[in-house]
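Topology and contacts: notes
Now for the letters of each chain:
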Amino acid sequence: GGENAPGEPAQPAPEAGKKESKGAAPDKKTKREIEIEAGHLHYDTKRMLSILTPGGKVKQVTITEVGEDYEMVADRVEYDERNDSAKGTGNLHFSDPDTTITGELIVVDFNQKLATVTGSVKLTSHGEEAKDEKDKEDEELPLKERYRKKKTVMDCDQLDYWYKEKRAEAQGNLRFHQGDRRGTAGKAIYFEKDDRLLLEGAVSVTNEKGETADAPQVTIDNKEDTMVADQGVKIRFFVEEEEEAEGKA
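Structural notes, computed from the coordinates. This is a predicted model, so every value here is computed, not measured.

Quick notes on the pattern of salt bridges
Enumeration according to the criterion identifies 14 salt bridges in this entry. As a salt-bridge pair, Arg 167 and Glu 165 come within 3.0 Å of each other at their nearest N and O atoms. Overall, the relative accessible area of 18% leaves Arg 167 in the buried class. For Glu 169, the salt bridge goes to Lys 187, with nearest N and O atoms at 3.7 Å.

See the structure below:
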């Protein structure tokens, strides 16, 4: 069907990808092909808004993009052509090969390559654990290689994920768990490619022994297996003492 007028962006077909379209700004923007699979499509021409829902054998709406490695899945998706953005709700997840994000509402800006998730957000970054499970216990590997296999989990109220850069910014009731460390912070920036976590604002980090470090800013580098605290740090740790009971008269 001739749904696509020459001058406007391509329609998101339920099972087919977008066709080439002439955008208003030709600079840098070659064609971008977004593929949406859904059971039902309702298109509002005036608002240039597509409402996509499941139906038949299609249990959830799925969005992928040629040349990108993400997948967005939700029960209901609204695709806004004018802003080239999609809003998803209901059993949603946004994932790429190393990271899965869940929450209550997701808004994806395809121009900025930014996914914003709000409401009971959980990010799980698997690193190389899933691909190299056998290496996890390999004592021959350097410590930093073994440590890198441990995944990062963050729970928060809002998370912005730049999926091209593989960079996540989390805030609001933020809790994190990474290897044998866990803690809280006002804000976290996770650089997935570098496997580095930058924590800011009343940071508290606790290890498996219950030892803690509190500081305004902490950087955890998993590649190097280091933790650096700046702007003042308070540390509490435990030292084993020898029992003196038997030496007493």
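Focus: the pairing of strand β9 (residues 114-125)
β9 sits mainly inside the fold: nine of its 12 residues count as buried. Of the pairings in the sheet, the one linking strand β8 (residues 99-109) to β9 comprises nine bridges and is antiparallel in character. Across the sheet, Ile 106 pairs through a bridge with Val 117, a residue of β9. In this sheet, strand β10 (residues 152-162) lies alongside β9 in antiparallel orientation, the contact comprising 10 bridges. Opposite Val 117, over in β10, you have Leu 159 as the bridge partner.

Comments concerning the packing of aromatic side chains
The final tally for this structure, using the stated rule, is five aromatic pairs. Between Tyr 70 and Phe 94, the aromatic rings sit 5.2 Å apart at their centres with planes inclined by 15°, giving stacked as the arrangement. You can see Tyr 70 sitting in the loop between β4 (61-65) and β5 (71-74) and its partner Phe 94 sitting in strand β7 (residues 85-95), a full 24 residues away along the chain. Neither Tyr 70 nor Phe 94 differs from the other in exposure class; each is buried. Both rings, one in Phe 94 and one in Tyr 163, keep their centres 5.6 Å apart while their planes meet at 45°; by these two values the pair is tilted.

A word on the environment of Asp 195
Examined against the element boundaries, Asp 195 turns out to sit in the loop between β12 (181-191) and β13 (196-207). A relative accessible area of 2% means that Asp 195 is categorised as buried. Polar side-chain contacts of Asp 195 include one of 2.9 Å to the side chain of Tyr 190.

Parameters and conventions
- Each chain carries its own residue numbering, running from 1 in the written order of its sequence.
- Thresholds applied to this predicted model are a pLDDT of at least 70 for local features of residues and 80 or more for the giving and counting of side-chain atom pairs; totals over whole chains, interfaces and linings are not thresholded and use all residues.
- Note that water and hydrogens are dropped before the side-chain values are worked out from all heavy atoms of the structure.
- Salt bridges are counted wherever a side-chain nitrogen of Lys or Arg sits within 4 Å of a carboxyl oxygen of Asp or Glu.
- Exposure is judged per residue with a 1.4 Å probe applied to protein chains only, and the accessible area is read against the type maximum: over 50% gives exposed, under 20% gives buried, and values in between give partly exposed.
- Put simply, DSSP marks the helices as runs of H or I at least four residues long and the strands as runs of E at least two long, and each gets a number from the N terminus on.
- Two strands make a pair as long as DSSP finds a minimum of two bridges between them.
- Only centres within 6.5 Å qualify two rings of Phe, Tyr or Trp (six-membered ring in Trp) as a pair; their planes then separate them into stacked at under 30 degrees, edge-to-face at over 60, and tilted for everything else.
- Nitrogen and oxygen atoms within 3.5 Å of one another constitute a polar contact, given that in protein one can donate a hydrogen and the other can accept it, and given that sequence-neighbouring residues count only through two side-chain atoms.

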